[in-house]
Amino acid sequence: MVLTAPQRAGRRRRTLAVLAVLTLAAVAAFLTVDVTGSWDYALQQRGRRLAAMAVVAVAVAVSTVLFQTVTNNRVLTPEIMGFDRLFVLVQTVAVFLLGASTVTTTDPRLRFAVEVVVLVGFGALLHRSLFGRTERDVHVLVLLGVVLGSTFTSLTLLVSRLIDPNEFLTLQDLLFASFTSVDRQMLALSAVLVVLLTAGVWRLLPHLDVVALGRDTAVGLGVEHRRVVDRALLAVAVLVAVATALVGPITFLGLLVANLARQLLGTHRHAWVLPGAALLALLALAGGQLVLEQVFGLNSALSIVVNFLGGIVFIALLIREPRQ
Amino acid sequence: MTTTTDRRDGAAPPRVRRRRGVQRWHVTAALAALVLAAAASLFVGVGDLTPADVLDLDEAQARVLWASRVPRLLAILLAGSAMAVAGLVMMHLTRNRFVSPQTAGTTEWVGLGIVVATLWAGGTSVFGKMVVGVVFALVGTALFVWLLQRLVLTDVVVVPLVGILLGGVVSAATTFLAYRHDLLQTVDVWMNGDFSGVLAGRYELLWLVLAATVVAYLWADRFSVAGMGEGFAVNLGLPYTRVVMLGLAIASVVTAVVVVSVGSIPFLGLVVPNLVTLAMGDNLRRVLPVTALTGAAFVLVCDVLARTIRHPYEVPVGMVGGVVGGVLFVWLLLRARRRVA
Amino acid sequence: MIEIESVSKAYGGVRVLDDVTLTIPTGGITSLIGANGAGKSTLLSVAARLLPADSGRVRVDGLDVATTPSAVLARRLSVLRQENAMSVRLTVRELVAFGRFPHSGGRLTREDHRLVDEAMAWFELGPLADRHLDQLSGGQRQRAYVAMVMCQGTDHVLLDEPLNNLDVRHAVQMMRMLRGMADELGRTVVLVVHDVNVASCYSDRIVAMREGRLVAEGPTAELMTPELLREVFDVDVAVHELAGRRIGVPWS
């Protein structure tokens, strides 16, 4: 069926509205279901976790969508390129070199700053070596990312072998995504960063829509391609660092929500896709956590479940894609 | 731009010559080096054993040599060569350079199999785990192939990506199961390639992979033809589906046996075939023996590193292999890219 | 007017453009011809600032393409490359509307919408306006891309092999439309064409290249000679006059 432009726009608005309602419902349920004892305390506790989820949701959604736009590829995500595994590696190396006690007692903001610097550096390196001359060899890029990610994991394992078993336990706590142990100062800092970056990105939106058409077309249409890509990638590196530093790696979340948002909204326009993806991410996190806690009585396995579902949905997407 | 392709065609002869540069004496030299390295590796370890001792072994030294060192060396050679060949065969049959047991989810399926066997099949014996592992590997590879057939977009990246994602899903399931049943560490130990547990009486099932490798060699030409695509294969009168199935089954069985016996060595099945075919071209019959040798050498070197890096302690070879293989592969990719650019 | 001044470009040590100097005058259709690897597409890309030149410079209406802000150039010059695979799913209307980006920065005015409709009508894309590009045939898609470039409304239009994927009927249609853009709308159209007879029948000027160098340029009739075609393509080409047009026949 061929829809006209106004019909499409109407459907997009409705889809986004439905998403918003669903997300609100999940959020409300997350805050209120099964409260025992003091409401004040429960709301405060859960409110903080929810805030962390919201920050992560926006950071993951925005970073993934931007990354896919500047690489002109819908299967790439910063996580697939090894960003989050690098994060894990840095944590591990830090514990190895400094000892678990030093790491956990260091000001989380300092730890965070170091993480951001390393990730931005890595992003710049990737950028320099891969976006430099030829822009087309995406498969080299993907493969490189996958290989780097895997290498980081091996290195992490290797280093963690050299770590005292007790310290290793501390490390594991640091690494499994968990919204329960978020530091309040860190949360505030992350929220500010995410808001600032998203606002900055918002000004780039029309240009990003053009960049998504590919480099040549974008240059032909007068977009300063290089500059837009540079800025977008900087934002991506910081956002990924924020999300991973806050709750640890959730590899497939971005892949899942960015593609679902595009699929559901039927457009690639960033003004639609970004809010859609962010809502989906929050829905997945709050809803997922709710289901895990209420149905399975678990509270720290969310990343595993997201990876499981995310992977399945994504394979389905890849397979259905060309038939449209 | 057509100019560059034309010019490059013009520049082709020297490259062809370079490819022929891998000559018989290279292979012979590599083989000799491997034999030397293998012999040397027998004398690396905590127990005291020097080459001079071999002529006059006392009882303890004989025990170390025959119960530990020799089995370990054999396990390394068997696992290394077989995994590399499995990767090569898979790469050919799926017609994609980046498909290997490690990028098709096969390894992860074996991991799931091991956990399932431990939990519900009472599979405490290695043999039990292996049977379940083989079944899971076959099912997993079949699922991957089934997905590929559904995939209209058989892009060179999308295919391994589907495999990697599939592996991710399976390993998430494995992690979840292990997490619920407090088996995370066991899984880690099982999945990480490690030869330190190899002793006489506990690795012999690995000989199975030698049989699989020999079969792969005997069928090399068929796999070559099948690798040219269904149209080619049918035109040449080859039962395409059967050949592909057999080849993938060989790769799956090899993967399962190796992972269950000694754990996974990341990149082995991906890096080694890619390196070898890059140097020698794609003629399977010619490349396969060299791939097997290179695979064995790769694992041998990694194992020696793993044994010496923190002497007297050992680091699992899987981690060393993951780092070495990863770095090697990144270098390879960037180099290949620079040459094209 | 496009002025190309001793432009050179090399890929990995191979010179694909060798000191090319050329002026493409305002108006009409200019076709770049030459064998595979002659450097036509590279020259077009350099002129459209998609590729940087190693040396030399290109000026469009007096503006140096290497230093002029891209957005300014996009209002004077539009370009379409041969391969336009996109990773995003767009409808024809959405694609064509991007042609207005240099003017409206993504927020379309009423006038923009009118121009989009006009461009789609010009290329007979009206009935396909709300289809996605991946639902179109290769020829329809090609027309949509060219419509986008036309919608950009620039004085200079650079197209690399615009007849790619088109069957005879659509190729003729496309060339007529381009002719119309030059004659009725007064655009300066520059094409890379591999069929020398298309160049002969539809263009005002021909630029002939070989191995990265300029061989000759001038009015079509002057260049369609057996001697020149032999020099360009390295093959004997008989040139016949047919219905007032010069047709080259390499098959002998």
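None of these values were measured; they are calculated from a predicted model.

Reading guide: rules and limits
- Residues numbered from 1 in each chain as written.
- Chains lettered and ligands numbered in written order.
- Predicted model: local features only at pLDDT ≥ 70, side-chain atom pairs only at ≥ 80, totals over all residues.
- Helix = DSSP H or I, 4+ residues; strand = E, 2+ residues; numbered from the N terminus.
- Buried ≥ 20, exposed ≤ 12 C-beta atoms within 10 Å, placed from the backbone.
- Contact = placed C-beta atoms within 7 Å.
- Core = buried A, V, L, I, M, F, W, Y, C linked by C-beta atoms within 7 Å.
- Domains from an automatic or database assignment.
- Pairing = 2+ DSSP bridges.
- Axes fitted to C-alpha atoms, helices over the stretch in contact; angles between N-to-C directions.
- Expected span 1.5 Å × (residues − 1).
- Arc of directions from axis to C-beta.
- pLDDT = per-residue confidence, 0-100.
- Parallel < 35°, antiparallel > 145°, perpendicular 65-115°, else oblique.
- Left-handed = near helix turned anticlockwise from the far one by under 90°.
- Nonpolar A, V, L, I, M, F, W, Y, C, P; charged D, E, K, R; others polar.

Concerning the overall build of chain B
And then number 1: When its secondary structure is counted, chain B shows 16 helices and 0 strands.
And then number 2: Taking all 341 residues of chain B together, the buried fraction comes to 48%.
And then number 3: Sequence separation of 24 or more characterises 77% of the internal contacts of chain B that already satisfy a separation of 6 or more.

Quick word on the overall build of chain A
And then number 1: Along its length, chain A carries 13 helices and 0 strands.
And then number 2: Secondary structure elements of chain A occur, N-terminal to C-terminal, as α-α-α-α-α-α-α-α-α-α-α-α-α.
And then number 3: In chain A, which comprises 324 residues, the share counted as buried stands at 51%.
And then number 4: At a minimum sequence separation of 6, the contacts of chain A that also span at least 24 residues come to 81%.

Brief notes about the nonpolar core
And then number 1: With 283 residues, the main nonpolar core has Ala61 and Ala281 of chain A as its most contacted residues.
And then number 2: The element best represented in this core is helix H5 (residues 59–93) of chain B, accounting for 16 residues.
And then number 3: Residue contributions to this core reach at least three from each of two domains, namely domain 1 (1–76 + 157–162 + 185–252) and domain 2 (82–153) of chain C.
And then number 4: Apart from the residues lying within four places of it in its own chain, the contact partners of Ala281 of chain A are Ala57, Val60, Ala61, Leu253 and Val257 of chain A.

Here we look at the sheet that holds strand E1 (residues 2–11) of chain C
And then number 1: Spatially, the 4 strands line up as an open sheet ordered E2-E1-E4-E5 (chain C), and their pairing is antiparallel. Each end of this open sheet is capped by a strand with a single partner; those strands are strand E2 (14–24) and strand E5 (63–64) of chain C.

Details of the sheet that holds strand E6 (residues 77–80) of chain C
All names here are of chain C.
And then number 1: Taken in spatial order, the 6 strands line up as E6-E7-E8-E3-E9-E10 in an open sheet, and their pairing is mixed. Looking along the sheet, the strands with just one partner apiece sit at the ends: E6 and strand E10 (213–219). Across the sheet, the axes of successive neighbouring strands diverge by a mean angle of 15 degrees, strand direction being ignored.
And then number 2: Sheet analysis places strand E3 (residues 28–33) next to strand E8 (residues 188–192), joined by 5 bridges and oriented parallel. By the bridge assignment for E8, Ile29 is matched with Val189.
And then number 3: Of the strands in this sheet, E3, strand E7 (156–160) and E8 are in contact with helix H7 (residues 168–183), which crosses E3 at around 130 degrees.

Comments concerning helix H10 (residues 207–218) of chain B
Residue and element names in this part refer to chain B.
And then number 1: Taking 1.5 Å of rise per residue, the 12 residues of H10 would be expected to cover 16 Å, and the 17 Å separating its terminal C-alpha atoms lies within 8% of that figure.
And then number 2: Inspection of H10 places Val209, Ala212, Thr213 and Ala216 among the buried residues, and these make up the whole buried set. The buried residues of H10 all sit within an arc of 100 degrees when viewed along its axis, so they share a single face. Opposite the packed face of H10, turned more than 90 degrees from it, sit the exposed residues Trp207, Val214 and Leu218.
And then number 3: Those residues of H10 that are buried are in contact with H5, helix H11 (220–227), helix H13 (240–262) and helix H15 (284–308).

Overview of unusual backbone geometry
Residue and element names in this part refer to chain C.
And then number 1: Notably, Asp61 is not glycine yet its phi reads approximately 50 degrees, a positive angle.
And then number 2: Owing to 15 C-beta atoms within 10 Å, Asp61 belongs among the partly exposed residues under this scheme.
And then number 3: Even without being a glycine, Glu124 presents a positive backbone phi close to 55 degrees.
And then number 4: Relative to the elements of secondary structure, Glu124 occurs in the loop between helix H5 (110–122) and helix H6 (138–151).

Quick look at the pairing of E1 of chain C
Successive residues of a regular strand alternate their side chains across the two faces of the sheet.
Residues and elements named next belong to chain C.
And then number 1: Pairing of E1 with E2, which is carried by 7 bridges, proceeds in the antiparallel orientation. When the sheet's bridge partners are listed, Ile2 is paired in E2 with Ile24.
And then number 2: Where E1 folds back onto E2 in an antiparallel hairpin, the turn is made up of 2 residues, including Gly12, whose phi is positive at roughly 50 degrees.
And then number 3: Sheet analysis places E1 next to strand E4 (residues 55–60), joined by 5 bridges and oriented antiparallel. Note that in E4 the partner of Ile2 across the bridge is Val60.

Quick look at helix H1 (residues 40–47) of chain C
And then number 1: The buried count for H1 of chain C comes to 8 of 8 residues, which makes it a mostly enclosed element.
And then number 2: Residues of H1 of chain C that are buried: Lys40, Ser41, Thr42, Leu43, Leu44, Ser45, Val46 and Ala47 of chain C.

Observations regarding the confidence of the model for chain A
And then number 1: Mean pLDDT over chain A stands at 81; residues scoring 70 or higher make up 86%.
And then number 2: Here residues 132–136 of chain A scores under 50 on pLDDT; set against residues more than four positions off or in separate chains, the count is 3 contacts.

Observations regarding the packing of helix H6 (residues 106–120) of chain B against helix H8 (residues 158–180) of chain B
Each pair of packed helices can be described by the angle between their axes along with the distance between the axes.
Residues and elements named next belong to chain B.
And then number 1: Where H6 meets H8, the axes come as close as 8 Å, and the angle between the chain directions of the two elements is 25 degrees. Here H6 is positioned roughly parallel relative to H8, judged by the angle of their axes. Once H6 is placed against H8, the crossing between them reads as left-handed. In this structure, H6 contributes Thr107, Glu108, Trp109, Gly111, Leu112, Val115 and Leu119 to the contact, and H8 contributes Gly167, Val170, Ser171, Ala173, Thr174, Leu177 and Ala178.
And then number 2: When grouped by side-chain class, the residues that make up the contact of H6 with H8 number 8 nonpolar, 5 polar and 1 charged.

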